[in-house]
Amino acid sequence: MPETCRQLDHALGALLARRKSHGKLRKLSNTPPNSVDFSSNGYLSLSTNPVVQKSLLACLAAEVAASEDGNRSRGSRRSILGSGGSRLLDGNSPSAESLEPKIAAFHGAEAALLFTSAYDANSGLLGCVPQEGDVIVYDELIHASVHDGMRMSRATKKIPFAHDSMSDASRRRCAGAEGSQPGRQSKNRGLDDILRQTSESEYVRNGKSNVFICVEGLYSMDGDVVLLDEVVRSVDRHLPSGNGYIVVDEAHSVGIFGDDGRGLVCQLGLEDRVWARVLGFGKAMGCSGGAVLCSSTTRSYLINYARSLIYTTSMAFTSLASIDVVYRYLMDGGTGPLRQQLKKLIHYTHRQLSVLCARLQVDRRTLHIQEVPSKSPIIPVFTAYPRSLAEHCQRSGFMVRPIVAPTVPTGSERVRICLHSTNTTREVDGLCDAIGIWVQDRVTVGLARDSAEDHGVPEPQNVFGRNKPRL
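Just so it is clear, the model here is predicted, and its values are computed rather than measured.

Asker: How do you make sense of the pairing of strand β7 (residues 276–280) when you look at a structure like this?
Answerer: Looking along a regular strand, one sees the side chains alternate between the two faces of the sheet. Burial analysis of β7 places five of its five residues in the buried class, the great majority of the element. Here β7 shows no split at all, with A276, V278 and G280 on one side and R277 and L279 on the other all buried. Inspection of the sheet shows strand β6 (residues 244–249) paired to β7 by three bridges, in the parallel sense. Within β7, the position partnered with D249 by the bridge is V278. Note: β7 against strand β8 (residues 290–294), four bridges, orientation antiparallel. Across the sheet, the residue bridging to V278 is V292, located in β8.

Asker: Sorry, what's going on with the sheet that holds β6 here?
Answerer: Paired through their backbone hydrogen bonds, the strands of a sheet run either parallel or antiparallel. Pairing is mixed in the open sheet, where seven strands are placed in the order β2-β8-β7-β6-β5-β3-β4. Each edge of the sheet is formed by a strand with only one pairing partner; in this case those strands are β2 (111–115) and β4 (157–161). Each adjacent strand pair in this sheet contributes to an overall mean axis angle of 20°, direction not counted. Each of β2 and β8 touches helix α11 (residues 296–305); the most contacted strand, β2, lies at about 25° to it.

Asker: Looking at this model, I keep getting lost on unusual backbone geometry. Mind explaining?
Answerer: A405 connects to P406 through a cis peptide bond whose omega is 10°. Counting through the fold element by element, P406 comes out in the loop between β12 (401–403) and β13 (414–418). Despite not being glycine, S45 has its phi angle at roughly 55°, a positive value. Positionally, S45 belongs in the loop between β1 (36–37) and α2 (50–69). In this structure S45 comes out as buried when scored by relative accessible area, which is 9%. Unusually for a residue other than glycine, D260 sits at a positive phi of about 55°. With respect to the helices and strands, the residue D260 is situated in the loop between β6 and α10 (264–267). We classify D260 as partly exposed; its relative accessible area is 23%.

Asker: Where do I start with the nonpolar core in this structure?
Answerer: Inside soluble globular proteins, nonpolar side chains tend to come together where they are buried. Of all hydrophobic cores here, the largest spans 94 residues; its most connected members are I103, L228 and F281. Sorting elements by how many residues they give to this core places helix α13 (residues 317–331) first, with nine residues. Those residues in contact with I103 that lie beyond four places of it in its chain are A112, L114, L279, F281, L293, I323 and Y327. Among the nonpolar cores identified, the runner-up in size contains 25 residues, and A121, C128, I142 and A251 belong to it.

Conventions and cut-offs
- Residues numbered from 1 in each chain as written.
- Predicted model: local features only at pLDDT ≥ 70, side-chain atom pairs only at ≥ 80, totals over all residues.
- Heavy atoms only, no water.
- Buried < 20%, exposed > 50% of the residue type's maximum accessible area, 1.4 Å probe, protein only.
- Helix = DSSP H or I, 4+ residues; strand = E, 2+ residues; numbered from the N terminus.
- Pairing = 2+ DSSP bridges.
- Axes fitted to C-alpha atoms, helices over the stretch in contact; angles between N-to-C directions.
- Contact = heavy atoms within 4.5 Å.
- Core = buried A, V, L, I, M, F, W, Y, C linked by side-chain atoms within 4.5 Å.

Shown next, in the form of structure tokens:
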């Protein structure tokens, strides 16, 4: 190895050592066999659903048979394992062209454009549409892909707003009983205040500058839902010229909310009020890939300017077939019972965790949960010792993951529980028992047994507005 490479490795190693000393070093790991999944994003368990799997296999078999029945020369065989290039070159296909209108119609949109991931969809959309003079107003807890898109954007201003100003959980928490968990404090102002001030600009007021408002339907780390109807009212109130454009990242809400899993926008009947939606197929949908729901004109613009579409290999037939099969399953009503089961399990899990916290009566630094019941399958368990708790649960046969800074703001470290339609109440009880044993062990032996990996993690604070990219 050249000496210059060793010098670079030394510098990179020093940065890794510093991150490790702060308890923030990331590593790749595999899920142990036979462990109970409380970690993955497959909320409806569609990737392991026998009906979906058989439908996919039948679709692939039909494609292979069609290829064999045609002209058997190499050049005319259908490409199944790979697409062969970018969609603007050789990677487009009749499968992609027929799937996009189907997706758009299901979600009540004019058009849809497929991307290789929701990350690429977000970064491509925000990276090319906002122009010089435009403003992007975004939730301080917005996903990392939106941050990356904003970095590429030519927008003149990018302004974060306080997450809790448009958070369903925060609003219900503030309206709850006396003694409920206080609202989070943020250094950023609320969305309504920011839009009011932004509208004072002459260019914005006259409609010459556009304002893009970016939110998520369901937030992946906190499990709360955006108050989208209030976002729409705020935009209408302060941007009456019609130059306010709402972008909703539905990566975690599609499949969960709305009739047959159409998403939060459809559930609220706001299809005509939201300018663009970003779908992610790797969560509840159980596949991979993403899409932007938008107007036909915006779709054509993205084909011409979205770098994450133009300069990457498009999805293979196997990915397109997976998405198509899952959408057919949704349209046939197959996910209805799954979503009902998941809804019951969400309420049960929150109740069991609440009972556990009340029984243990430990300080909030050791363990606490949000007092307001969750509407989503994502339930954060806050603790100053997330790695220690996660490792204990994993040794007990329950796969959960520690979530630490910079993925979440410092002071809000947690173990994230993700529920699935195939989880059982018995499994939830087992997880709660494991958490209870961990807490009792900490109380018994005292804080002297703090894990070295957790050393340096500060006490949880009600500070969430650090503008950190979210995962």
